[in-house]
Each structure stands twice: as C-alpha cells, then as structure tokens.
Amino acid sequence: MSDGFLTDDHHRLRQRVRAFAETEVAPHVAAMESSGRVETALAQLIAAQGWIGVTIDPAYGGMGAGHLAKTLIIEELARISGAMGAMAQASQLGTATIINYGNDDQKQRWLPQIAAGTCLPTIAVTEPGSGSHVLGMRSTARRTGRGARTHYVLTGRKSWIGNSHIGHLHAVVVRTGRGSRGLSAFGVEHDRPGLTATPYRPAMGLRGFGFGELILDRCRVPAANLIGQIGDGLAIAYSSSILYGRPNLTAVALGLHQAIVDQTVSFAQHRRRYNAPLAQLPTIRDKIGLLQQRLMTARILAYHAVHQLDHGQPCDHDLINAKYLNVAASRDSARDAMDIHAAAALHTDLPLERFFRDVQHLFAPAGTGDIQLHRLAEAALGLGHRQWSQRLAHLTRHHPDATQTRTSAPAHPTAPA
Ligand SMILES: Cc1cc2nc3c(=O)[nH]c(=O)nc-3n(C[C@H](O)[C@H](O)[C@H](O)COP(=O)(O)OP(=O)(O)OC[C@H]3O[C@@H](n4cnc5c(N)ncnc54)[C@H](O)[C@@H]3O)c2cc1C
C-alpha cells in the first residue's frame, strides 16, 4: 500500500542507498559504537553521494528529487545506522533555511557546496535555558558598523545541535529584538573567530552522530550572512522544523523500526524453544503481528505526509502526526522486540540493544511528542495559523517532469547562470 506513493525513480533511489548502506556504512557500525568519536569520514562519504542536496534545485547542483526521496535516503541509512540517518537528517535542516529563506547570493554561495557534499550545514535554535520554548532564547546579535561594513556580533550558547562537530555552516537563530518578530537567522561559517563547538560527549545512543553545543563569544558575522530579513528567525526555525525536521526524524524512526522488525523476525525464526522455532509460540506471533502492524501504519503516514509536500498540498498536520506516530511506534516496537529476545536482547552481539537506545533519541528533536500533540490540538480547535506547507508550497513542490530524479551524485555542481 505504502509503495503506491513511490515512482520507479524512488524505487531505484532506495535500492542505490540500500546497497551503499549495506556495503559502505554497515562495516563501520561496530567501531562507531565503541570508539566514542564522531564519525566524520563516513559522514563526508555520505554527503559526497549528493544526498544532502536531495531537495536542492538542479540549477544549484542538487538532485531536485523532492521530499519523499529525502525520506527514502534517510530511512535506508537509518536502517543500517541510526547515527548516519541522524547525520543526514540534521544537515537537511540547515539546507532548508537557505532553500526557503536564502537570497540569490546565498543560494549561489552555499547550495552548490552542500549539493556536492563539501559543506555540511546545521540549524542551531535550541538553548540550554529554553528548549522547546523557542521564544525563550537568550542568545543575541548586535548590529555594528555601517553600509558595506555592517556586521552582527553574536553571543550566546546553543545546545544539542545536530552535526555541531562536523558542520561547516551553522544557521544560527538569535535575538535581535523583542517578541516573536525579535528573532533572526545568520549563516555562521564554522571557522569564524568567536565560534566554538564543544567536544563530543557520547550519548545513550546514535553513537558516531555528534550533537553538541555551539558557543558564540562575540562572533562577528557580515550582514551578507543574514538569512531572510531581520525578524524572520522564528519563521525560519518553525518552517525548517515542520517541513524538514518532522519528516526527517520520521524517516530515522522508520529506518530503525524496519531494522527492529527484521532483527526480531529473524531471531524468532532461528531461536529454538520447546523443540520448535520461537515464532511458533502464539504470544510471540501476536507480538510480531503487532510490530508489523505498527511498522506498516507508520510507513503509510510517513510517505503520505511527504507525498503531499511534494505535491504542494497543505500537510503540516500530517507531517506532525507522522513524526509523533513514527517515534512512538518505533519506541513501542523496540520495547516489545526486547521482550521477544528476552535475555539475548541485552548483549551487544545482537543489534537490538543499539536500536533500543537509538530510538530514544528521536522523542526530543523537531518537537517533543508533547509539542506534536499541542500542535494537533491547536489544529483540532481551529487555533492554528496558516500552514507552512501552504506558505512555502512554491518551494516544496517537486516537479518530476522538470527535474528527472537523479540517483547519482552531481559530477560538477554548478551555480545557476
Ligand atoms: C538527537 C537530537 C538532535 C537535536 N538536534 C537539534 C538541532 O539540530 N538543532 C537544534 O536547534 N536543536 C536540536 N535538538 C534539540 C531539540 O530541539 C530539543 O531537545 C527540544 O526542543 C526539546 O528541548 P529540551 O530537550 O530542552 O526539552 P524541554 O523543552 O525542556 O522539555 C522537557 C519536557 O517538557 C515537555 N514540554 C515542553 N514544552 C511543552 C509544552 N509547551 N507543552 C507540553 N509539554 C511540554 C517536553 O515534551 C518534555 O517532556 C536535538 C535534540 C536531540 C535529542
């Protein structure tokens, strides 16, 4: 059923990413788990496939393949490595800020590099003192100088920023005034004086994926790096989170969920108890049925939401619902899969305990589960605002006729003439 959303190009892309993940990513998973380091080289190899540029217009060297294609790429990477799925999704968020709000100069400066995989962007919104309360952020930008010498001086602290250690360009949202029109976004190159990424702290899961702090200590940024207009910061943060963040985390959850089901089915078929495969026990079968039911439902919601995005349909609530359900379902399935494996689940010779740890990371980013329910309640009560998928439909709509889906990396990404 969910395959009904996929074109032949989508199927080919899935096969290509799957083959890559199985041959190039899988051999690194054990080392990522044990090394306690950010996996930089593999992230660069993935970026070099052109996949961070999946939604970038071919005029800038991107694949121009749309949002369902992006979901498939992230899903297939996450099926083998949640960490590399998370890496690919995080840089898509930084890309979104430029696609949606960058001016022509910024698009020509940054998008071809992102599409080629030589520039990994990030988005830096969250702060330790505000979390979900985006408007509670305290980091600031102060304007200085005049005319061509106008700069902004950024000061503050951003936390849990995906790809903070390996990112080349951080789309940082800070305060430039009061209230909801008092936030603005700046592209901050990783080597600007005054910007520091704090060292990697290994977390519970997604080992090899770096998400950490960015410290801005009077970091001077030229006015040319202002993304959008002064006061657009909240719109940039929200639109990126809804149109890219939600479906990206959905895709990571989906890939991990598929891996959980595959692992559990294989285990139940090969594990022998009572002189028969474990899968013969009715209670185990019921649990496997439940895993399969959750996975199928989650996949339909995931693909349907981005299919609508590709077709310029209003779908914010579908994107929100898909993120909520995919994350919740993958966590529920991870727990049930642990029960099916019983004691065997607890050791690292099987990947299940890794999957269990990895899915815990998906609750918080791009809106916690509570925030998704809050937004869905607003929609039900008629309190929502105009949807981002409507406002930016001219940018999210994917025209397959005009941009034949590319399944290979751009050889020589070019800026538009
Ligand atoms: C793997 C990972 C990657 C991330 N990547 C990025 C990134 O690239 N860029 C970035 O800017 N940030 C990133 N984040 C940060 C993420 O956006 C925040 O974790 C998130 O906004 C929640 O903030 P918090 O963790 O401080 O939780 P809090 O906001 O402190 O929430 C604590 C609890 O209160 C609940 N809560 C909060 N507000 C409400 C509300 N209004 N209604 C009901 N319940 C509420 C929450 O659901 C939660 O249960 C990432 C986080 C993780 C874990």
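Here the structure is a predicted model, which means the values were calculated and not measured.

Enquirer: What is the right way to look at the packing of helix H7 (residues 233–270) against helix H8 (residues 282–310) in this model?
Expert: The relative placement of two packed helices is expressed as an angle between their axes plus a distance between the axes. Running from amino to carboxyl end, H7 crosses H8 at an angle of 155 degrees, the nearest separation of the two axes being 10 Å. In terms of axis orientation, H7 runs roughly antiparallel to H8. The interaxial crossing formed by H7 with H8 has left-handed handedness. Contact residues: H7 offers Leu243, Pro247, Thr250, Leu254, His257, Gln258, Val261, Thr264, Val265 and Ala268, while H8 offers Ile284, Ile288, Leu291, Gln292, Arg294, Leu295, Ala298, Arg299, Ala302, Tyr303, Val306 and Leu309. Here the contact of H7 with H8 is composed, by residue class, of 15 nonpolar, 5 polar and 2 charged.

Enquirer: Could you clarify how one ought to interpret the nonpolar core in this entry?
Expert: One broad rule of soluble globular proteins: the nonpolar side chains tend to lie buried together. Val25, Ile46, Trp51, Leu77 and Met87 are the most contacted members of the largest nonpolar core, which totals 107 residues. The biggest single contributor to this core is H7, with 18 residues. Those residues in contact with Ile46, other than ones at most four positions away along the chain, are Phe20, Val25, Trp51, Leu77, Met84 and Met87. Ala141, Tyr152, Leu195 and Val221 belong to the second-largest nonpolar core, a separate cluster that totals 15 residues.

Enquirer: Looking at this structure, I do not really get unusual backbone geometry. What am I missing?
Expert: Generally, phi is negative for residues other than glycine and the peptide bonds are trans, each holding for most cases. Within the chain, Trp160 stands out as a residue other than glycine whose phi angle is a positive 55 degrees. Mapped onto the secondary structure, Trp160 falls in strand E3 (residues 151–162). Of note, the phi angle at Asn163 is positive, near 70 degrees, even though the residue is not glycine. Structurally, the position occupied by Asn163 is in the loop between E3 and strand E4 (169–175). By relative accessible area, which is 1% here, Asn163 ends up buried.

Enquirer: Help me out: how do you make sense of the site of the ligand in this one?
Expert: Lining the immediate environment of the ligand, one finds 16 residues, of which Thr126, Ser132, Trp160, Thr368 and Asp370 sit closest. One of the backbone nitrogen or oxygen atoms of Val125 is found 2.8 Å away from an oxygen atom of the ligand. In this structure, an oxygen atom belonging to the ligand sits 2.6 Å away from a side-chain N or O atom of Thr368. Protein contact buries 66% of the 970 Å² of open area that the ligand shows by itself. The greatest single-element share of the shell around the ligand, amounting to 3 residues, is contributed by E3. Here the residues of the shell around the ligand are counted per class, giving 9 nonpolar, 6 polar and 1 charged. Split by domain, the residues of the shell around the ligand number at least three in each of domain 2 (123–231) and domain 3 (235–396).

The rules we used
Residues numbered from 1 in each chain as written. Predicted model: local features only at pLDDT ≥ 70, side-chain atom pairs only at ≥ 80, totals over all residues. Heavy atoms only, no water. Axes fitted to C-alpha atoms, helices over the stretch in contact; angles between N-to-C directions. Helix = DSSP H or I, 4+ residues; strand = E, 2+ residues; numbered from the N terminus. Parallel < 35°, antiparallel > 145°, perpendicular 65-115°, else oblique. Left-handed = near helix turned anticlockwise from the far one by under 90°. Contact = heavy atoms within 4.5 Å. Nonpolar A, V, L, I, M, F, W, Y, C, P; charged D, E, K, R; others polar. Core = buried A, V, L, I, M, F, W, Y, C linked by side-chain atoms within 4.5 Å. Buried < 20%, exposed > 50% of the residue type's maximum accessible area, 1.4 Å probe, protein only. Near = heavy atom within 4 Å. Polar contact = N/O pair within 3.5 Å; in protein donor to acceptor, adjacent residues only side chain to side chain. Areas by Shrake-Rupley, 256 points an atom, 1.4 Å probe, with all protein chains shown as cover. Domains from an automatic or database assignment.

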